[in-house]
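# Coordinate inspection notes
The lines below spell out each chain.
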Amino acid sequence: MAFELPPLPYDKSALEPHVSARTLEFHHGKHHNTYVVNLNNLTKDTDLAGKSLEEVIKLAAADLPAKQPIFNNAAQVWNHTFFWNCMTSGGGGKPSGKVAERIASDFGSYEKFAEEFKQAAVTQFGSGWAWLVLDGGKLKVIKTANADLPMAHGQKALLTVDVWEHAYYLDYQNRRPDFVQAFLDHLVNWDFVAQNLG
Ligand code: MN3
């Protein structure tokens, strides 16, 4: 079965004014969809066609650079689906419960986590992603370039923000720090982070 573009988990205008309906229309409807179409074209009639998205990512990651195009498109399909779920209307600010406890114990405070996450997102040179991950039982902030993602490095993704220009340019132009701040203050879906933490 071919890979499919999953629907957004909310209405296109749900994240306004922080992320506009127009941004989601392009980012989900065009960019994310293009990765799905490319992945289907690249895997059609190969032994990867029947595998799960995670299996394709791991198999391609183990066969670079030969499978770089497959890795790039498969990882970007996964990254975007994950990213949509990292946001919710009325989200952001400090988490509560077990996520708050883990952030306090591994970063010192929410404020220190937020500073580190924002720093990673703002300093990712060019296109990429900033992440909160579980690495060897400890929460860490990392950044990845282009399509790269935690599962290719033995880490479990808990939260991500897309810092490719297409994620914010229509709403923030070149002001990536303002987009990342709005993500932290108004959009983070901490319930999803808690689910990922397990
Ligand atoms: Mn994107």
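The text that follows walks through the structure, step by step, so that each part is easy to find. (Residues numbered from 1 in each chain as written. Predicted model: local features only at pLDDT ≥ 70, side-chain atom pairs only at ≥ 80, totals over all residues. Heavy atoms only, no water.)

## Quick look at the sheet that holds strand 3 (residues 156-162)
- Spatially, 2-1-3 is the arrangement adopted by the three strands of the open sheet, whose pairing is antiparallel. The open sheet terminates on both sides in strands that have one partner only, identified here as strand 2 (138-145) and strand 3. Pairwise comparison of adjacent strand axes, ignoring direction, gives a mean angle of 25 degrees for this sheet.
- Pairing geometry for strand 1 (residues 128-135) and strand 2, over eight bridges, is antiparallel. Residue pairing across strands places Trp131 opposite Ile142, the latter belonging to strand 2.
- Against the sheet, helix 3 (residues 68-85) engages strand 1 and strand 3, with an angle of about 85 degrees to strand 3. (Pairing = 2+ DSSP bridges. Helix = DSSP H or I, 4+ residues; strand = E, 2+ residues; numbered from the N terminus. Axes fitted to C-alpha atoms, helices over the stretch in contact; angles between N-to-C directions. Contact = heavy atoms within 4.5 Å.)

## Thoughts on the packing of helix 1 (residues 21-43) against helix 3
- One can describe the packing of helix 1 onto helix 3 by two numbers: an axis separation of 9 Å at closest approach and a directional angle of 145 degrees. Our pair here, helix 1 against helix 3, has a crossing hand that is left-handed. In this structure, helix 1 uses Leu24, His27, His28, His32, Tyr35, Val36, Asn38, Leu39, Leu42 and Thr43 to contact helix 3, whose residues at the interface are Pro69, Ile70, Asn73, Ala74, Gln76, Val77, His80, Thr81, Phe83 and Trp84.
- A breakdown of the residues in the contact of helix 1 with helix 3 according to their chemical character gives eleven nonpolar, nine polar and no charged. (Left-handed = near helix turned anticlockwise from the far one by under 90°. Nonpolar A, V, L, I, M, F, W, Y, C, P; charged D, E, K, R; others polar.)

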